[in-house]
Amino acid sequence: MRKENVGVSAKRRYTNRKRSGFMQQLQSIEQFEQLKNEKTMFVFSADWCPDCTFIDPFMPEIEEKFSAFTFVKVDRDDFINVCASLDVFGIPSFVAFDGGEEIGRYVNRDRKTQKQIETFIEKLV
């Protein structure tokens with residue numbers, strides 16, 4: 001029985017990873033504060049948002065292309081206070097930090113194409 005639980009857990013991890021690409025999920029406010037000090041691209045989204053799921057298929061390619069950034073998915077429903085503190089009210093949105101300072105943002109409620117996201121990130125590197 002224990003093996004089954006481990007298998008289910010591993011399957012969930014694989015499914016979550018597959019669904020969201022390589023991107024790690026934000027787990028806590030403390031982790032957010034720590035990651036702000038690194039070169040991090042926070043991707044604000046929600047599973048119910050069709051414009052957010054639209055970007056899922058090409059985000060792994062963007063992550064590989066811009067590997068100088070650590071990409072972290074922030075579920076807006078789980079971290080609404082973080083969204084409010086950064087004035088992120090539309091999703092999907094991107095906010096980049098380096099050394100504790102915000103270095104760029106692509107924040108609005110519109111659907112974003114791969115080209116638009118890459119153009120935004122290219123201006124930061």
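Above this note sits the structure.
Residues numbered from 1 in each chain as written. Predicted model: local features only at pLDDT ≥ 70, side-chain atom pairs only at ≥ 80, totals over all residues. Heavy atoms only, no water.

Student: How would you summarise the side chain of Lys-36 if you had to cite specific residues and measurements?
Tutor: Mapped onto the elements of the fold, Lys-36 is located in the loop between α2 (29-35) and β2 (40-45). Residue Lys-36 is classed as buried on the basis of its relative accessible area of 18%. In this structure, Lys-36 is in contact with Phe-42, Phe-97, Asp-98, Gly-99, Gly-100 and Glu-101, ignoring residues within four places of it in sequence. (Helix = DSSP H or I, 4+ residues; strand = E, 2+ residues; numbered from the N terminus. Buried < 20%, exposed > 50% of the residue type's maximum accessible area, 1.4 Å probe, protein only. Contact = heavy atoms within 4.5 Å.)

Student: Just give me the short version of the sheet that holds strand β5 (residues 101-106), but keep the residues and values in it.
Tutor: The five strands are arranged β1-β3-β2-β4-β5 in an open sheet whose pairing can be described as mixed. Edge positions in the sheet fall to β1 (24-25) and β5, since each has one partner strand and no second. With five bridges joining them, β2 and strand β4 (residues 93-98) adopt antiparallel strand pairing. Counted as the bridge partner of Phe-44 is Ser-93 from β4. Strands β2, β3 (70-75), β4 and β5 of the sheet are contacted by helix α6 (residues 114-122), whose axis makes an angle of about 155 degrees with β5. (Pairing = 2+ DSSP bridges. Axes fitted to C-alpha atoms, helices over the stretch in contact; angles between N-to-C directions.)

Student: I'd like a rundown of unusual backbone geometry, residues and numbers included.
Tutor: Following Ile-91, the chain continues into Pro-92 via a peptide bond in cis, with omega recorded as 0 degrees. Its identity as a non-glycine residue notwithstanding, Asp-87 has a phi of 55 degrees, on the positive side. Here Asp-87 shows up in the loop between α5 (80-85) and β4.

Student: Describe α6, naming the residues involved and giving the relevant values.
Tutor: Three or more residues of α6 are buried, namely Ile-117, Glu-118, Phe-120 and Ile-121. Viewed along the axis of α6, the buried residues span an arc of 160 degrees, placing them on a single side of the element. Along its buried surface, α6 packs onto β2, α3 (50-55), α4 (59-65), β3, β4 and β5. (Arc of directions from axis to C-beta.)

Student: An account of the pairing of β5 is requested, with residue identities and associated values reported.
Tutor: Examined bridge by bridge, β4 and β5 share five bridges and lie antiparallel to one another. Each bridged residue has a counterpart across the sheet, and for Phe-97 the counterpart in β5 is Glu-102. Connecting β4 to the next strand, β5, in antiparallel fashion are two residues, including Gly-99 with a positive phi near 60 degrees.

Student: Help me get a handle on the packing of aromatic side chains, residues and values and all.
Tutor: Inspection of the entire model under this criterion finds seven aromatic pairs. Judged by centre distance (5.9 Å) and plane angle (80 degrees), the rings of Phe-42 and Phe-97 are edge-to-face. Of this pair, Phe-42 sits in strand β2 while Phe-97 is found in strand β4, placing the two residues 55 residues apart along the sequence. Considered together, Phe-42 and Phe-97 belong to a single accessibility category, that of buried residues. Following the ring pairs from residue to residue traces out a cluster consisting of Phe-32, Phe-42 and Phe-97. The aromatic ring of Phe-54 is capped on one face by Arg-111, whose charged end is 4.2 Å from the ring centroid. (Phe/Tyr/Trp six-rings, centres within 6.5 Å; stacked < 30°, edge-to-face > 60°. Lys NZ or Arg CZ within 6 Å of the ring centre and 35° of its normal.)

Limitation: the analysis is restricted to geometry and does not speak to function.
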